[in-house]
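Understanding the architecture of this molecule
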Amino acid sequence: MIRTMAGVVLAVLASWGPLDGQTADGRPAFEAASVKPAPPPVNGVDYSMRGGPGTDDPGQITYPRTWLGTLLTMAYGVHFDQIVGPDWIHTEAYSIVAKIPP
């Protein structure tokens, strides 16, 4: 089941135009990506997204702790309450690191 969830998360990341690596033909491309279940949250830790185009680390995007529902809202520009799916898309957190071409 985790393999299926990881594939779904990668598909969402690949569809997110503003932050993915773009090839000349317009299709998103990643050099490598890692999707793992995120560890339990720790108070005081910053879990915000880091890196990507326009940052000091344009070749890598890091989501230390995110949910598929959150990625879907960003990828498709919809509101959280418009996302319908199994409960785990809103409850199971993942740690994602994706290397993108320059």
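What counts as what
- Along each chain, numbering runs from 1 in the same order as the chain's sequence is written.
- Only residues with pLDDT of at least 70 get local features here, since the model is predicted, and only at 80 or more are side-chain atom pairs given and counted; chain-wide, interface and lining totals rely on the full set of residues.
- The side-chain values count all of the structure's non-hydrogen atoms but skip hydrogen atoms and water molecules.
- Counting from the N terminus, the helices are the DSSP runs of H or I reaching at least four residues and the strands are the DSSP runs of E reaching at least two.
- To sort residues, take the accessible area from a 1.4 Å probe on protein chains only and compare it with the maximum for the residue type: under 20% means buried, over 50% means exposed, and anything in between is partly exposed.
- In this analysis, two residues are considered to be in contact whenever any of their non-hydrogen atoms come within 4.5 Å of each other.
- For the accessible areas, the method is Shrake-Rupley and the probe is 1.4 Å, while residue cover comes only from the protein chains on display.
- Strands are treated as partners if at least two bridges between them are detected by DSSP.
- Charge counting treats Lys and Arg as positive and Asp and Glu as negative, with His and both chain ends excluded.
- The term salt bridge refers to a side-chain nitrogen of Lys or Arg lying within 4 Å of a carboxyl oxygen of Asp or Glu.
- Each polar contact in these results corresponds to two N or O atoms within 3.5 Å; when the atoms are within protein, one needs to be able to donate a hydrogen and the other to accept it, and residues that are neighboring in sequence are counted only if both atoms are side-chain atoms.

**Re the overall build of the chain**
- Along its length, the chain carries 3 helices and 6 strands.
- Start at the N end of the chain and walk to the C end: the helices and strands fall as α-β-β-β-β-β-α-α-β.
- Counting all 102 residues of the chain, 33% fall into the buried class.
- Contacts spanning at least 24 positions in sequence make up 65% of the contacts within the chain whose residues lie at least 6 apart.
- Accessible area for the chain stands at about 6,200 Å²; split by element, carbon and sulfur atoms hold 60% of it.

**Remarks on the pairing of strand β6 (residues 93–99)**
- Both strand β3 (residues 32–37) and β6 contribute to a ladder of 6 bridges, which runs antiparallel. When the sheet's bridge partners are listed, Ala 32 is paired in β6 with Lys 99.
- As judged from the 6 bridges shared by strand β5 (residues 60–67) and β6, these two strands associate in the antiparallel manner. Across the sheet, the residue bridging to Ile 61 is Ala 98, located in β6.

**Digging into the side chain of Arg 65**
- Relative to the helices and strands, Arg 65 resides in strand β5.
- Despite its burial, Arg 65 remains without a salt bridge, the nearest opposite charge being carried by Glu 92 at 11 Å.
- Among the polar contacts made by the side chain of Arg 65, one reaches the main-chain carbonyl oxygen of Pro 39 at a distance of 2.5 Å.
- When residues no more than four places from it in sequence are discounted, the contact partners of Arg 65 are Ala 38, Pro 39, Pro 40, Pro 41, Tyr 47, Ala 93 and Tyr 94.

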